[in-house]
Amino acid sequence: MNARHLCLLAALQAVTLPAAAAEWAVDPARSAIRFSGVQVGVPFTGRFERFKADIDFDPARPEAGHALVLVDLASARTGDVQRDGALPQKDWFDVKAGSEARFEAIRFVDKGQGDYAAVGTLTIRGTSRPVTLPFHLTLEGGAAHAAGRVGLVRTEFGVGQGAWASGQWVALEVGVEVDLVATPNPASGH
């Protein structure tokens, strides 16, 4: 997502990235997908340790770009042993039934001054909802860096079943932060 937008920004700033670049490779070592929430009144944060992203973006036509981000839900880590053990279970992510969250952006919108929106669909636990992820795109040494945050209501995706379906113990609102670094994919021939 951020690599596509970074390409557009780079083209606008006459950076020496390939003008026809379409495919981008996300660097997992320099990228992160994090989440945050509140449990019994105490804020917590976590991250997904494994994810992959395929980004296709032509700076001349950002509206025609798309991205597919697959997140391994079993890789969620918060640093709390009890919470980390509960997240993969049936009441939360139910990784036995489906181990991935899927965000598919069908287009990108240039909001100006390095701000963009990835418009698409997020699927978790077999439930799909439209989601627009706002993010800011910058260049760092020839790489695209996209950072954004979106707020979600976890129960809209079936996350938190049974006693966890209300916000009594764990708030319904969660934040998802995306911090991706990508470079032109040499395999694409651009």
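Attention in this report is confined to the structure presented alongside it.

What follows concerns unusual backbone geometry. Although it is not a glycine, D94 sits at a positive phi angle of roughly 50 degrees. Locating D94 in the fold gives a position in the loop between helix 2 (81-86) and strand 7 (100-112). Judged by its relative accessible area of 16%, D94 is buried. A positive phi angle, close to 55 degrees, is found at R125, a residue other than glycine. As for its placement among the helices and strands, R125 is situated in the loop between strand 8 (115-124) and strand 9 (127-140).

What follows is about the packing of aromatic side chains. One pass over the structure, following the stated rule, counts 5 aromatic pairs. The interplanar angle of 50 degrees and the centroid separation of 6.1 Å between the aromatic rings of F48 and F93 together place this pair among those described as tilted. Of this pair, F48 sits in strand 3 (residues 42-48) while F93 sits in the loop between helix 2 and strand 7; the two residues are 45 residues apart in sequence, bridging distant segments of the chain. In this structure F48 comes out as buried when scored by relative accessible area, which is 9%. Ring geometry for W92 and W164: centres 5.6 Å apart, planes at 45 degrees, overall tilted. In this pair, W92 sits in the loop between helix 2 and strand 7 while W164 sits in the loop between strand 10 (143-153) and strand 11 (173-184), placing the two residues 72 residues apart along the sequence.

The next subject is a nonpolar patch on the surface. A surface patch of nonpolar side chains, amounting to about 300 Å² of accessible area, comprises V40, V42 and W169. Looking at where W169 falls in the secondary structure, it is placed in the loop between strand 10 and strand 11.

Moving on, we get to the layout of surface pockets. To find leftover empty space, a probe the size of one water molecule is rolled over the atoms. Taken as a whole, the largest pocket spans an internal volume of roughly 740 Å³. For the largest pocket, the lining is made up of 33 residues, of which F35, F48, F93, V159 and V174 are closest to its centre. Per-element accounting of the lining of the largest pocket gives the leading share, 4 residues, to strand 11. Within the lining of the largest pocket, the residues separate by chemical class into 27 nonpolar, 3 polar and 3 charged.

Counting through the fold element by element, A163 comes out in the loop between strand 10 and strand 11. It is 8.7 Å that separates the C-alpha atoms of A163 and D91, two residues lying 72 residues apart in sequence.

A few words on the pairing of strand 3. Sheet analysis places strand 2 (residues 32-39) next to strand 3, joined by 7 bridges and oriented antiparallel. For I33, the partnering residue across the bridge sits in strand 3 and is F48. Here strand 2 folds back onto strand 3 in antiparallel fashion, the turn holding 2 residues, of which V40 has a positive phi close to 40 degrees. Pairing of strand 3 with strand 6 (residues 76-77) involves 2 bridges; the strand directions are antiparallel. For R47, the partnering residue across the bridge sits in strand 6 and is R77.

For the rest of this paragraph, the subject is the pattern of salt bridges. Counted by the stated rule, this structure contains 6 salt bridges. For R34, the salt bridge is made with D179, and the minimal N-O distance between the two is 3.9 Å. Of the two residues, R34 is situated in strand 2 and D179 in strand 11; the sequence distance between them amounts to 145 residues. Take R34: its relative accessible area is 31%, and that puts it in the partly exposed class.

Right, let's talk about the pairing of strand 8 for a bit. With 8 of its 10 residues buried, strand 8 lies for the most part within the structure. Judged from the 9 bridges that link them, strand 7 and strand 8 form a sheet pairing that is antiparallel. Across the sheet, A105 pairs through a bridge with G120, a residue of strand 8. Here strand 7 folds back onto strand 8, and the loop between the two strands holds 2 residues, one of which, Q113, carries a positive phi near 55 degrees.

Parameters and conventions
Residue positions are counted from 1 within each chain, in the order its sequence is given. With the structure being a predicted model, the display of local features is reserved for residues of pLDDT at least 70 and the display and counting of side-chain atom pairs for 80 or more, all residues being used for whole-chain, interface and lining totals. Hydrogens are left out, water is left out, and the side-chain values use all remaining heavy atoms of the structure. Starting at the N terminus, helices and strands are each numbered in turn, a helix being any DSSP run of H or I of at least four residues and a strand any DSSP run of E of at least two. Residue burial is assigned from relative accessible area. The probe radius is 1.4 Å, only protein chains are included, and a residue is buried under 20% of its type maximum, exposed over 50%, and partly exposed in between. Working definition: a ring pair exists when centres of Phe, Tyr or Trp rings (six-membered ring for Trp) sit within 6.5 Å. Plane angles under 30 degrees give stacked, over 60 give edge-to-face, the rest tilted. Surface patches are drawn from residues lacking salt bridges whose relative accessible area is over 30%; two like charges belong together within 9 Å, two nonpolar side chains (Val, Leu, Ile, Met, Phe, Trp, Tyr) within 5 Å. Only the protein chains shown count as cover for residues, and the accessible areas themselves come from Shrake-Rupley with a 1.4 Å probe. Salt bridge, as applied in this entry: a Lys or Arg side-chain nitrogen positioned within 4 Å of an Asp or Glu carboxyl oxygen. Method remark: on a 1 Å grid restricted to protein atoms, a set of points is classed as a cavity if a 1.4 Å probe fits but cannot get out and as a pocket if it is open with protein on both sides within 12 Å along at least five of seven lines; lining residues have an atom within 4 Å of a point. Grid points are joined across faces, edges and corners, and a volume is the space filled by probe spheres set on the points. Put simply, Ala, Val, Leu, Ile, Met, Phe, Trp, Tyr, Cys and Pro go in the nonpolar bin, Asp, Glu, Lys and Arg in the charged bin, and everything else, Gly too, in the polar bin. Paired strands, as defined in this entry, are two strands with at least two bridges between them according to DSSP.

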